[in-house]
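So you can see what is in the structure, the chains are spelled out below.
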Amino acid sequence: MQAKLLDDDEATCYLVEVISKKSKDEIWKMTLDKQPRSHKKIRRMSMDKFYELVFGDSMAFYKLCMALPIIIEDVVNENKNLALSNYVYEELAKEHADLLTALYLLAFSTYEGFESLNK
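Owing to the predicted nature of the structure, the values given are computational and were not obtained by experimental measurement.

Asks: Would you explain the side chain of D48 in this entry?
Replies: Within the element layout of this structure, D48 appears in helix α2 (residues 47-55). K49 provides the closest opposite charge to the buried, unpaired D48, separated from it by 5.0 Å. At 2.9 Å, the side chain of D48 forms a polar contact with the backbone nitrogen of E112.

Asks: Can you walk me through the side chain of S20 in this structure?
Replies: By the element assignment, S20 lies in the loop between β1 (13-17) and β2 (25-27). Of note is the side chain of S20, whose polar atom sits 3.0 Å from the backbone oxygen of K22. Residues within four places of S20 in sequence aside, it is in contact with S46, A107 and Y111.

Asks: Explain the sheet that holds β2 here, please?
Replies: Strand pairing in a sheet is mediated by backbone hydrogen bonds. Such pairs are either parallel or antiparallel. Overall, mixed pairing links the three strands, which are arranged β1-β5-β2 in an open sheet. Either end of the sheet is taken by a strand with one partner, and the two such strands are β1 and β2. Neighbour-to-neighbour, the strand axes of the sheet open up by a mean angle of 25°, direction not taken into account. Sheet topology places β2 next to strand β5 (residues 42-46); three bridges connect them, and they run antiparallel. Residue pairing for β5: D25 is matched across the bridge by M45. Most of the contacts of α2 go to β5, to which it runs at about 110°, and overall it touches β1, β2 and β5.

Asks: I would appreciate a short explanation of helix α5 (residues 99-108) in the present structure.
Replies: Residues spaced three or four apart along an α-helix point in a common direction, a consequence of the helix completing one turn every 3.6 residues. The set of residues buried in α5 consists of T101, A102, Y104, L105, A107 and F108. Here the buried face of α5 lies against α3 (60-78) and α4 (87-95).

Asks: Just to check I follow, could you spell out the nonpolar core for this structure?
Replies: Soluble, globular proteins show a tendency: their nonpolar side chains are buried together. Counting residues in each nonpolar core, the largest one holds 13 residues, and the members touching the most others are F61, C65, Y104, F108, Y111, F114 and L117. Looking at this core, the elements with two or more residues in it are α2, α3 and α5.

Asks: Please clarify how the packing of α2 against α3 should be interpreted in this entry.
Replies: Where α2 meets α3, the axes come as close as 7 Å, and the angle between the chain directions of the two elements is 105°. The pairing of α2 with α3 is recorded here as roughly perpendicular in orientation. In this structure, α2 uses M47, D48, Y51 and F55 to contact α3, whose residues at the interface are A60, F61 and L64. Taken together, the residues of the contact of α2 with α3 sort by class into six nonpolar, no polar and one charged.

Asks: How should I be thinking about the pattern of salt bridges in this particular structure?
Replies: Side-chain pairs of opposite charge can arise whenever the charged atoms involved come near each other. All chains considered together, the criterion is met by eight salt bridges. Across the pair R43 and D25 runs a salt bridge whose closest N-O atoms are separated by 2.7 Å. On the criterion of sequence distance, the pair formed by R43 in strand β5 and D25 in strand β2 is long-range, its members being 18 residues apart. Here the salt bridges do not stand alone but share partners, grouping E17, K24 and R44 into one network.

Asks: How should the packing of α4 against α5 be read in this particular structure?
Replies: Helix packing geometry: the angle between the two helix axes and the distance between the axes. Two numbers describe how α4 lies on α5: the axes approach to 8 Å, and their chain directions differ by 85°. One way to sum up the angle between α4 and α5 is to call them roughly perpendicular. On α5, the residues that touch Y89, L92, A93 and E95 of α4 are L99, A102, L103 and L106. Here the residues of the contact of α4 with α5 are counted per class, giving seven nonpolar, no polar and one charged.

Cut-offs and rules
Residues numbered from 1 in each chain as written. Predicted model: local features only at pLDDT ≥ 70, side-chain atom pairs only at ≥ 80, totals over all residues. Heavy atoms only, no water. Helix = DSSP H or I, 4+ residues; strand = E, 2+ residues; numbered from the N terminus. Buried < 20%, exposed > 50% of the residue type's maximum accessible area, 1.4 Å probe, protein only. Lys, Arg positive; Asp, Glu negative; His and termini not counted. Salt bridge = Lys/Arg side-chain N within 4 Å of Asp/Glu carboxyl O. Polar contact = N/O pair within 3.5 Å; in protein donor to acceptor, adjacent residues only side chain to side chain. Contact = heavy atoms within 4.5 Å. Pairing = 2+ DSSP bridges. Axes fitted to C-alpha atoms, helices over the stretch in contact; angles between N-to-C directions. Core = buried A, V, L, I, M, F, W, Y, C linked by side-chain atoms within 4.5 Å. Parallel < 35°, antiparallel > 145°, perpendicular 65-115°, else oblique. Nonpolar A, V, L, I, M, F, W, Y, C, P; charged D, E, K, R; others polar.

Right, dumping it as structure tokens:
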């Protein structure tokens, strides 16, 4: 990242966390050789903020996730061998009747748009 920033003063580098503890777009702070390090052009962001940056829509990641059940259902209906039955699904079902909602709440509860699933 340092080399990219030195070669291109317009660049910004991102560490994108697919599953993050919270929705964020912040300076990535770290320790290197026992010294605190950070740079305003090296950022750490959650997947929802990355989709917002890429698509210009704060709800882009949420919209993708809401479309996935339809896509998955279509694929499984075309090939019944893809239907899943396992412990993870059983545990998710205990959290919420809709399995994808349970998964989204577990992984993305602080991301843009997903707070509406708690209702």
